[in-house]
Amino acid sequence: MRETQKYNVWIYRACFVLIAVSLLFFRLLPLGSVAGDWPGPDFMLCLMLAWVTQRPDHLPPALIALVVLAEDMILMRPPGLWAALVVLATEFLRARAALTRDLGFAAEWLLISLVMIAMLLAYRTVFAVAFITQPGFGFAFAQTVGSILMYPVVVWLLRVVIHLRKPLAGEVDAKGRRI
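Residues numbered from 1 in each chain as written. Predicted model: local features only at pLDDT ≥ 70, side-chain atom pairs only at ≥ 80, totals over all residues. Heavy atoms only, no water.

> Provide a residue-level description of the packing of helix H4 (residues 81–95) against helix H6 (residues 105–129), including the pertinent values.
Here H4 crosses H6 at 150°, and the two axes come no closer than 10 Å. Here H4 lies roughly antiparallel to H6, going by the angle between them. By crossing handedness, the relation of H4 to H6 is classed as right-handed. Of the residues in H6, those touching H4 at Leu81, Trp82, Leu85, Val86, Ala89, Phe92 and Leu93 are Leu111, Ile112, Val115, Met119, Ala122, Tyr123, Val126 and Phe127. (Axes fitted to C-alpha atoms, helices over the stretch in contact; angles between N-to-C directions. Helix = DSSP H or I, 4+ residues; strand = E, 2+ residues; numbered from the N terminus. Parallel < 35°, antiparallel > 145°, perpendicular 65-115°, else oblique. Left-handed = near helix turned anticlockwise from the far one by under 90°. Contact = heavy atoms within 4.5 Å.)

> How would you explain the nonpolar core if you had to name every residue and give the values?
Phe16, Leu49, Trp51, Ile64, Trp82, Val86 and Leu158 are the most contacted members of the largest nonpolar core, which has 40 residues in total. Listing elements by their share of this core, those giving two or more residues are helix H1 (2–28), helix H2 (43–54), helix H3 (61–74), H4, H6 and helix H7 (137–161). Of the residues forming this core, the biggest block, 9 residues, is contributed by H2. Once residues within four sequence positions are removed from consideration, Trp51 is found in contact with Tyr12, Cys15, Phe16, Ile19, Pro56, His58, Leu59, Leu158, Ile162 and Leu164. (Core = buried A, V, L, I, M, F, W, Y, C linked by side-chain atoms within 4.5 Å. Buried < 20%, exposed > 50% of the residue type's maximum accessible area, 1.4 Å probe, protein only.)

> How would you explain the packing of aromatic side chains if you had to name every residue and give the values?
Under the defined criterion, the tally for this structure stands at 8 aromatic pairs. A centroid spacing of 5.5 Å and a plane angle of 70° characterise the contact between Phe25 and Phe26, whose relative ring orientation is edge-to-face. For Phe26, a relative accessible area of 51% corresponds to the exposed category. Centre to centre, the rings of Tyr123 and Phe127 are 4.7 Å apart; their planes meet at 40°, and the pair counts as tilted. Of this pair, Tyr123 and Phe127 both sit in helix H6, 4 residues apart, which is roughly one turn of the helix. On the accessibility criterion, Tyr123 (15% relative accessible area) is buried. Through pairs of rings, three or more aromatic residues link up here, namely Tyr12, Phe16 and Trp51. (Phe/Tyr/Trp six-rings, centres within 6.5 Å; stacked < 30°, edge-to-face > 60°.)

> Tell me about the pattern of salt bridges, residues and numbers included.
Note that side chains of opposite charge can pair when their charged atoms are close. As enumerated under the stated definition, the model contains 6 salt bridges in all. Across the salt bridge formed by Asp42 and Arg27, the nearest N and O atoms sit 3.9 Å from each other. Here Asp42 is found in the loop between H1 and H2, whereas its partner Arg27 is found in helix H1, with 15 residues between them in sequence. Note that Arg77 is salt-bridged to Asp72, the shortest N-O span being 2.8 Å. By the burial criterion, Arg77 is buried, and Asp72 matches it. (Salt bridge = Lys/Arg side-chain N within 4 Å of Asp/Glu carboxyl O.)

> I'd like to hear about H7, residue by residue, with values.
For H7, which comprises 25 residues, the first-to-last C-alpha distance of 34 Å matches the rise-based estimate of 36 Å (1.5 Å per residue) to within 8%. The sharpest bend along H7 reaches about 40° and sits at Met150, with the proline Pro152 one to four residues further on. Buried within H7 are the following residues: Ala140, Ala142, Thr144, Gly146, Ser147, Ile148, Tyr151, Val154, Val155 and Leu158. Packed against the buried residues of H7 are H2 and H6. (Expected span 1.5 Å × (residues − 1). Bend = angle between axes of the 7 residues up to and from the residue.)

Laid out in structure tokens, this is it:
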């Protein structure tokens, strides 16, 4: 049984990487990107936060850091800053996995919303301290609001398409530890 669990974890990790690469590919396509348009939600962030909230044992911090660092390099963002913030946010949520398992979805969504807003403010604060030019606050806030609104859709898709669900009380991971 444990070998099957270990195998399933690797399948989910491969699925995560495949979805992340697909999202990055579609983000690079020039689809309707006109100056002044509303920014789209950050589906990659929604995916990672939803995945860690649903199954914290499936995504190790190193995989998250690697995916976001690759995204930083490809999208020409300051390398490592957003990756560090995403890893901190996912580890914050991972530490509260038992709490979010017991909470309803509305409370989970509120927690994710607060985490996304904190990430936005931390990112912009580091930019301001380093005197780096950044897009207007309204643009970044609109993207964060869009991401917050898309979070339930991403969670629903993860549950329906790849059957990712929260662990049951007393469930153990591949190493026999309680999740």
